[in-house]
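Per-entry structural report
Listed here are the chains, written in short residue letters.
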Amino acid sequence: MVDHWCKDEGSESCVGCGVRFTIYERRHHCRACGKLFCSSCSKYRSQIPKMKIPQKVRVCKPCLDQLRGEEEDDDDQKKKKKKN
Ligand SMILES: [Zn+2]
Ligand SMILES: [Zn+2]
C-alpha cells in the first residue's frame, strides 16, 4: 500500500482560504489555535506567551493579530485599543 500519502487523512482544506491540501499544498498547524492552514495562511511567526512558547512559531493571521494585541496591551487589555 503506497497510496496513503496522497490521501493524507482525508480531504481537509485550509480554514483560512479554503484551498485543498495536496502533496504540493502542505498543511501546517497554527501553534496557537491548532487549526490547519496552507503555507501562505500560516506563514506568520510569533511567540505565544500564554502557552509559554518563548520562541517564534508558526501561527495563522488571526492568531498573529490577537497575539500582537495581547503583547502590546498586556496591562490594559480591557480597554481594547483600536488598531489598524
Ligand atoms: Zn490558506
Ligand atoms: Zn491560529
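This section reports on the structure supplied with the text. (Residues numbered from 1 in each chain as written. Chains lettered and ligands numbered in written order. Predicted model: local features only at pLDDT ≥ 70, side-chain atom pairs only at ≥ 80, totals over all residues.)

Things to note about the overall build of the protein
Summing up its helical and strand segments, the protein has two helices and four strands in all. Taken from the N to the C terminus, the helices and strands of the protein come in the order α-β-β-β-β-α. For the protein, with 84 residues in total, the buried portion stands at 15%. Put simply, 25% of the contacts in the protein that link residues at least 6 apart link residues at least 24 apart. (Helix = DSSP H or I, 4+ residues; strand = E, 2+ residues; numbered from the N terminus. Buried ≥ 20, exposed ≤ 12 C-beta atoms within 10 Å, placed from the backbone. Contact = placed C-beta atoms within 7 Å.)

Description of the environment of Asp65
As for its position among the elements, Asp65 is in helix α2 (residues 61-72). Classification of Asp65 by C-beta neighbours within 10 Å gives partly exposed; the count is 15. On a C-alpha basis, the gap between Asp65 and Ser46 in space is 9.7 Å, while along the polypeptide they are 19 residues apart.

Quick word on the environment of Leu67
Examined against the element boundaries, Leu67 turns out to sit in helix α2. Remark: the alpha-carbon pair of Leu67 and Ala32, spanning 35 residues in sequence, is separated by 8.9 Å. Setting aside chain neighbours within four positions, we find Leu67 in contact with Ala32, Ser46, Ile48 and Val59.

Looking at the pairing of strand β4 (residues 53-59)
Relative to β4, strand β3 (residues 44-48) is paired through four bridges, and the arrangement is antiparallel. Within β4, the residue paired with Ser46 across the bridge is Val57. (Pairing = 2+ DSSP bridges.)

Quick word on unusual backbone geometry
Unlike most non-glycine residues, Lys52 shows phi in positive territory, near 55°. Turning to its location among the elements, Lys52 is positioned in the loop between β3 and β4.

Things to note about the nonpolar core
With ten residues, the main nonpolar core is built from Cys14, Cys30, Ala32, Phe37, Cys38, Cys41, Tyr44, Val59, Cys60 and Cys63. Discounting chain neighbours no more than four positions away, the residues touching Cys60 are Gly16, Cys30, Cys33, Lys35, Phe37, Cys41, Ser42 and Tyr44. (Core = buried A, V, L, I, M, F, W, Y, C linked by C-beta atoms within 7 Å.)

Details of the environment of Glu25
With respect to the helices, strands and loops of the structure, Glu25 is situated in the loop between α1 (4-7) and β1 (27-29). For Glu25, a count of 13 C-beta atoms within 10 Å puts it in the partly exposed group. Filtering out sequence-adjacent residues up to four positions away, Glu25 remains in contact with Val19, Arg20 and Cys38.

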